[in-house]
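# Commentary on secondary and tertiary structure
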Amino acid sequence: MEVGIVGIGAWGANYVRVFGEIPEVTKIHCFDLDRMRLGELERQWKKVKASDSLRDIWHNPQISLVVIATPARFHYSQVREALINRKHVLVEKPFANNYEEAKELFDIAAERGVVLRVGHIMLHNPAYKKLKELVVSGDLGYLSYLRFERTHLGVVREDVDILDDLGPHDLSMLLDLTGECPDEVWAKGMGVVGRKGLDSVIMMLLFRSGLYAYLYFSWLEPLKVRKCVVVGNKKMAVFDDMEPTHKVRVYDYEVAQNFQKQPGRFYYSCGNIVCPFVDGKEPLKEQCLEVLQAVNSGKTYNPELPLMVQAVMDGARYSLVRGGQGVDIRCLLNECHS
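Summary of the structure given here. (Residues numbered from 1 in each chain as written. Predicted model: local features only at pLDDT ≥ 70, side-chain atom pairs only at ≥ 80, totals over all residues. Heavy atoms only, no water.)

### Notes on the overall build of the protein
Tallying secondary structure elements over the protein gives 10 helices and 15 strands in all. Relative to the 2.2 N^0.38 estimate, which gives 20 Å for 338 residues, the radius of gyration of the protein is 22 Å and therefore close to what a compact globule would have. Its C-alpha atoms put the protein at 75 × 45 × 40 Å along the principal axes. The proportion of buried residues among the 338 residues of the protein is 50%. (Helix = DSSP H or I, 4+ residues; strand = E, 2+ residues; numbered from the N terminus. Rg over C-alpha atoms; globule rule 2.2 N^0.38 Å. Buried < 20%, exposed > 50% of the residue type's maximum accessible area, 1.4 Å probe, protein only.)

Now the structure itself:
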């Protein structure tokens, strides 16, 4: 199979490396405005062939899959062009500017019979997969709430704000774990480093089942944090992606009331802490292998998750411009469909 990669910055170069290591991929066609960078990759990887224009990528019949890793403002138009030319597409997030554009892209993919995948790489993280196993198995019991925290000092990006940069990572995990679209979203944010965009955002989501979720993103903190806390009525679990070894910990902890002995009084049960085994597979490679499998098998892709992520992002933006007021996401979706 031959693959096209549009945009070979830091992340695009990672795609070149991963596809270069996959035997099934025989040639990698790369396009970027930086000609020197293209030359470096051609010398480094025998599979790489520099393309002179995007037209070479779109109209080359040998290219089956196109990876789009350009700045976010180009994603929608480039994905659309690739899909219209019947290319399978793997695109970095955010892949569209709003829900209407996102749905349009998936509609085009369905019409052309091609695969469109969004790079929600955290869903391919082995530690996250272990966390999902715990949730799906019922080991944690009924979920009470989830909390996500994703912070570091910089890099403050000019092409997107903090919500577009970090939000899709945790929202994709949250919505994948819960399997449902939230009813309401509240969001507050601020920009403090002399630019118009957002540098810190805090969100709260309410689900119809009664589940709450809290998310916090920031470019302005000294510590790099990548953490998810899941609280169930039986056990609790923490996924800490910054931990070098024990990335998932399961706490046999419980907070409950004993109505027979002391009505209205809470008791706390603290049992064992278990660190389940997590393999060391690379998330990006796992994502690429899954996309190749989908392309080879003709397996259709359910766009529900990336569309839900985009819908929550849209709702958060509505809430931000309204000073943090709650936004009914289902009502927003109905307006979009009508």
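### Section: the layout of surface pockets
By volume, the largest pocket amounts to about 900 Å³. Taken together, 31 residues line the largest pocket, and the ones lying closest to its centre are W11, E92, K93, D165 and H169. Those elements that provide at least two residues to the lining of the largest pocket are α1 (10–20), β7 (143–153), α7 (162–178) and β11 (220–232). Per element, the largest residue contribution to the lining of the largest pocket is four residues, and it comes from α1. (1 Å grid on protein atoms, 1.4 Å probe; cavity = no way out; pocket = protein on both sides within 12 Å on 5 of 7 lines; lining within 4 Å. Points joined across faces, edges and corners; volume = space filled by probe spheres on them.)

### Some words on the side chain of D183
Along the polypeptide, D183 turns up in the loop between α7 and β8 (184–190). Among the polar contacts made by the side chain of D183, one reaches the side chain of R330 at a distance of 2.5 Å. (Polar contact = N/O pair within 3.5 Å; in protein donor to acceptor, adjacent residues only side chain to side chain.)

### Re the nonpolar core
Formed by 73 residues in total, the largest nonpolar core has its most connected members in L83, L116, L171, L174, M203, L205 and F239. Tallying contributions element by element places helix α9 (residues 304–321) first for this core, with nine residues. For M203, the contacting residues outside a window of four places in its chain are L163, L171, V185, W186, A187, A213, Y214, L215, F217, V312 and A316. Residues I8, I28, A50 and I121 belong to the second largest nonpolar core, which totals 26 residues. (Core = buried A, V, L, I, M, F, W, Y, C linked by side-chain atoms within 4.5 Å. Contact = heavy atoms within 4.5 Å.)

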